[in-house]
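Close look at the chain arrangement
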Amino acid sequence: MRSLPPQVPRRARCIVIAAAILLGLAAALLAQEKEYFVSGKKVSEPVYRAARLTNDALPLIEAGRLDNAKDALLEALRLAPDFYLARYNLAVLYTRLGEDDAAVAELTKLVSARPEMPEAWVTLAGIYCNRGKYDEALSLLDEAVRAFPAADWRNVQQYSYNRGLALTRTGRSAEAIEQFKAALASEPEREQIWLNLAVLYQETGNLDESIAHYKQFLQRASQDADSSVVADALKNLEREYRLVKSRPASEANGQDYYFLASQGRARNWPKQAMPLRVYIHDGEGQQGFQPRYIDILKSAFDEWSAASQGRVKFRFTNRLADAHIECLWSSDPKQLKSISEGGETRLFYRENGGIYDAQIVILTVPVSRLAGVTDRSIRFIALHEIGHALGILGHSNDPRDVMYFAIPVAETDRELSARDKKTLLRFYGQK
């Protein structure tokens, strides 16, 4: 089905950076009269030879000759097993080869040996972040600060970036903002920091800063593969911001967001339509679809029904022709009208405001390479789109609400807020 005018406002999705930074390091060599020096320190001949092999490996890595570089680094460690620069660069090489388990093994050995090399802690934390182990990453970075109280962390620029990423994913947005601001101060040319800050400012409700940072990212990364997705998200955000600024002052700090939700006129399902019959397609043939998503979606319907205090009820049907609400899964972002969104709801309603039909589409693939699809994101999108299907056309202005206009970036479960529930009851009658 296609929606008819007027159309349902669609949710602006934020973009999340999922990659962490890895470091590289070289050694300086000097040999004088059978005395061997590395970085100005006298060493044994095996260590000197290991350092030379390590230096030989670095241009090989940059040239893409990874197997040759690996052979050189393994030989360096055979000569001098404790030469931490060879072990560190071997770990970096493993990440280039996509062998993260091997990289973790080498970095864990380094961290256990506690060399004068805070980069090892930071890089290992980055791999943990990429694997979704955010608490472990934060613990490791805390350990690094304790291990190197005199270290000049300004010279390890990726510390703030990786810490900011882990804090973001664990829901500590205010702390994450401070870390990314520190990263930006030392690397203002790194476009992804601007984007991360834009996302975090949006999530915390600081829309002026969010818009400014999105614009900075687009100016600096106009050729980025996902710049069109970011531009679309920015357009949606600016539209939502105009709506928020237009609300009556009396609703600025209310217990619900009825004005924004109704957009001037309430639309809801009539009582005689209850229970609303829901048909869920099986997702067959859609890339990324997982059968468990159906149970996640059904649970989201149950949550809204409970929030309505029994006023809204659902019944799942196996007959599409009988359905009030049709739910589809799609791996084609072009089926949505906005390229930055993970879901869309299409409503049909009569002149008197009564809804008679709805269609929900949920993407099973990322909208860009910067965002992933997880059980949590599917659940949140399901909750959000069901809210639209129940007549909440607009969005909340509070980041704590499910109907806020940005998907959470934290890897934490979200529930319907008190404001979500009170807004729903404004549509379907208070007790």
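Our structure is the block above this text.
In this report, the structure presented in the accompanying data block is examined.

About the criteria used
- Residues numbered from 1 in each chain as written.
- Predicted model: local features only at pLDDT ≥ 70, side-chain atom pairs only at ≥ 80, totals over all residues.
- Heavy atoms only, no water.
- Axes fitted to C-alpha atoms, helices over the stretch in contact; angles between N-to-C directions.
- Helix = DSSP H or I, 4+ residues; strand = E, 2+ residues; numbered from the N terminus.
- Parallel < 35°, antiparallel > 145°, perpendicular 65-115°, else oblique.
- Left-handed = near helix turned anticlockwise from the far one by under 90°.
- Contact = heavy atoms within 4.5 Å.
- Nonpolar A, V, L, I, M, F, W, Y, C, P; charged D, E, K, R; others polar.
- Salt bridge = Lys/Arg side-chain N within 4 Å of Asp/Glu carboxyl O.
- Buried < 20%, exposed > 50% of the residue type's maximum accessible area, 1.4 Å probe, protein only.
- Core = buried A, V, L, I, M, F, W, Y, C linked by side-chain atoms within 4.5 Å.
- Pairing = 2+ DSSP bridges.
- Phe/Tyr/Trp six-rings, centres within 6.5 Å; stacked < 30°, edge-to-face > 60°.
- Lys NZ or Arg CZ within 6 Å of the ring centre and 35° of its normal.

Look at helix α2 (residues 66-79) against helix α3 (residues 84-96): their axes get within 9 Å of each other, and the N-to-C directions meet at 155 degrees. Here α2 lies roughly antiparallel to α3, going by the angle between them. Note on packing geometry: the crossing formed by α2 with α3 is left-handed. On α3, the residues that touch Leu66, Ala69, Lys70, Leu73, Leu74, Ala76 and Leu77 of α2 are Ala86, Arg87, Asn89, Leu90, Leu93, Tyr94 and Arg96. A class-by-class count of the residues in the contact of α2 with α3 yields 10 nonpolar, one polar and three charged.

A separate point is the pattern of salt bridges. Counted according to the given criterion, the structure contains 22 salt bridges. With a shortest N-O distance of 3.5 Å, Glu178 and Lys181 are connected by a salt bridge. Placement of the pair is Glu178 and Lys181 together in helix α8 (residues 173-186), with a separation of three residues, close to one helical turn. The class of Glu178 is partly exposed, set by a relative accessible area of 47%.

Right, let's talk about the packing of α8 against helix α9 (residues 191-203) for a bit. Look at α8 against α9: their axes get within 10 Å of each other, and the N-to-C directions meet at 155 degrees. Classified by the angle their axes make, α8 and α9 are roughly antiparallel. As for how α8 packs across α9, the hand of that crossing is left-handed. Facing α8, whose interface residues are Ser173, Ala176, Ile177, Phe180, Lys181, Ala183 and Leu184, α9 presents Ile193, Trp194, Asn196, Leu197, Leu200, Tyr201 and Glu203. Counted by class, the contact of α8 with α9 contains 10 nonpolar, two polar and two charged residues.

To continue, consider unusual backbone geometry. Residue Met274 is joined to Pro275 through a cis peptide bond whose omega torsion reads -5 degrees. Relative to the helices and strands, Pro275 resides in the loop between α12 (258-262) and β4 (276-280). Backbone geometry at Arg114 places phi at a positive 55 degrees, although glycine is not the residue there. Looking at the element boundaries, Arg114 is found in the loop between α4 (100-113) and α5 (118-130). Its relative accessible area of 46% is what places Arg114 among the partly exposed residues. Not every positive phi belongs to a glycine, and Gln309 is a case in point at roughly 60 degrees. Among the structural elements, Gln309 can be located in the loop between α13 (292-307) and β5 (314-316).

Residues Phe83, Leu107 and Tyr214 are the most contacted members of the largest nonpolar core, which totals 79 residues. If you look at the next biggest cluster of nonpolar residues, it comprises 45 residues, including Val278, Tyr293, Trp329 and Val402.

Judged from the three bridges that link them, strand β2 (residues 35-38) and strand β3 (residues 41-43) form a sheet pairing that is antiparallel. Counterpart to Phe37 in the pairing with β3 is Lys42. Linking β2 to β3, which pair antiparallel, is a turn of two residues; within it Ser39 sits at a positive phi near 55 degrees.

Another point: the sheet that holds strand β8 (residues 355-363). In a beta sheet, neighbouring strands are held together by backbone hydrogen bonds and run either parallel or antiparallel to one another. Strand order in the open sheet made by the five strands is β5-β4-β6-β8-β7, with mixed pairing throughout. Among the strands making up the open sheet, the edge pair consists of β5 and β7 (343-349). Strand-to-strand twist across the sheet, computed as the mean angle between neighbouring axes with direction ignored, equals 20 degrees. Here β4 pairs with strand β6 (residues 325-330) via three bridges, running parallel.

Applying the stated criterion across every chain, the model contains 10 aromatic pairs. Look at Phe301 and Phe314: their rings are 4.8 Å apart centre to centre, the planes differ by 70 degrees, and that puts the pair in the edge-to-face class. Of this pair, Phe301 sits in helix α13 while Phe314 is found in strand β5, placing the two residues 13 residues apart along the sequence. Phe314 carries the same exposure label as Phe301, and that label is buried. Through a chain of ring-to-ring contacts, three or more aromatic side chains come together here, namely Phe289, Tyr293 and Trp329. Lying over the aromatic face of Tyr258, Arg426 brings its terminal NZ or CZ to 4.2 Å of the ring centre.

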